[in-house]
Amino acid sequence: MSAMRRLILDLPEPLFAALSEAASAKGRSLHEELRHRLRKSLPPDPCAVTRSGRTEERLLAPVRARVAADIGQATGWDDLQSRMRAKGYIFRERGGGLALHRLSDGERLCKGSEIGAAYADLMRRFRAPFPGHSHRHLVPRILGGDPAATPVMHPDPPVWDDDDPILIDPD
């Protein structure tokens, strides 16, 4: 968790009243509202989403580099979450998969699959769904119906369509 620093700020009464009213309307404290507005005014950090919905690679790379070894070495969901917490992150359910969130403020940073943590791959490796994940219908499809099934340490290679042309010349 990042350290907090105190800032004393003098605001004109109308601005203070407007911020207080906005915070109250959103169920936030004045401090939370001000932090939220300041965060929104800064450039995206550390991951920005492009129009295609993918996080920009230049912003993903440092996060991926920071957590890749931990993702690869984790032996289960609890171990993975402990390793992520040590780096200031946490995985949370997002749709049918996982998303990486900043631990300090809960902000969603990127999809798990964008940093090498695809939910299906991790579920196979750990032989169990993410604790509390609401998409239980994925378990039979990914684990063959048995969460205690033999682990698949490496995903199967892709199945290629027989109609695809062979583009490699044997000469």
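Note: the structure precedes this text.
Conventions and cut-offs
- Residues numbered from 1 in each chain as written.
- Predicted model: local features only at pLDDT ≥ 70, side-chain atom pairs only at ≥ 80, totals over all residues.
- Heavy atoms only, no water.
- Helix = DSSP H or I, 4+ residues; strand = E, 2+ residues; numbered from the N terminus.
- Buried < 20%, exposed > 50% of the residue type's maximum accessible area, 1.4 Å probe, protein only.
- Contact = heavy atoms within 4.5 Å.
- Axes fitted to C-alpha atoms, helices over the stretch in contact; angles between N-to-C directions.
- Parallel < 35°, antiparallel > 145°, perpendicular 65-115°, else oblique.
- Nonpolar A, V, L, I, M, F, W, Y, C, P; charged D, E, K, R; others polar.

(A) Looking closely at the side chain of glutamine 81. Within the element layout of this structure, glutamine 81 appears in helix α4 (residues 77–87). Its relative accessible area of 10% is what places glutamine 81 among the buried residues. Beyond its immediate chain neighbours, meaning those up to four positions away, glutamine 81 contacts Ile90, Phe91 and Phe130.

(B) Main features of the packing of helix α1 (residues 13–25) against helix α2 (residues 30–41). Interaxial distance between α1 and α2 falls to 9 Å at its minimum, and their mutual angle equals 100°. Between α1 and α2, the angle is such that the two are roughly perpendicular. Here Phe16, Leu19, Ser20, Ala22 and Ala23 of α1 come into contact with α2, specifically with Leu30, Glu33, Leu34 and Arg37. Tallied by class, the residues present in the contact of α1 with α2 amount to six nonpolar, one polar and two charged.

(C) Looking closely at unusual backbone geometry. One non-glycine residue with positive phi stands out, namely arginine 127, at about 60°. Structurally, arginine 127 is set in the loop between α5 (119–126) and α6 (138–143).

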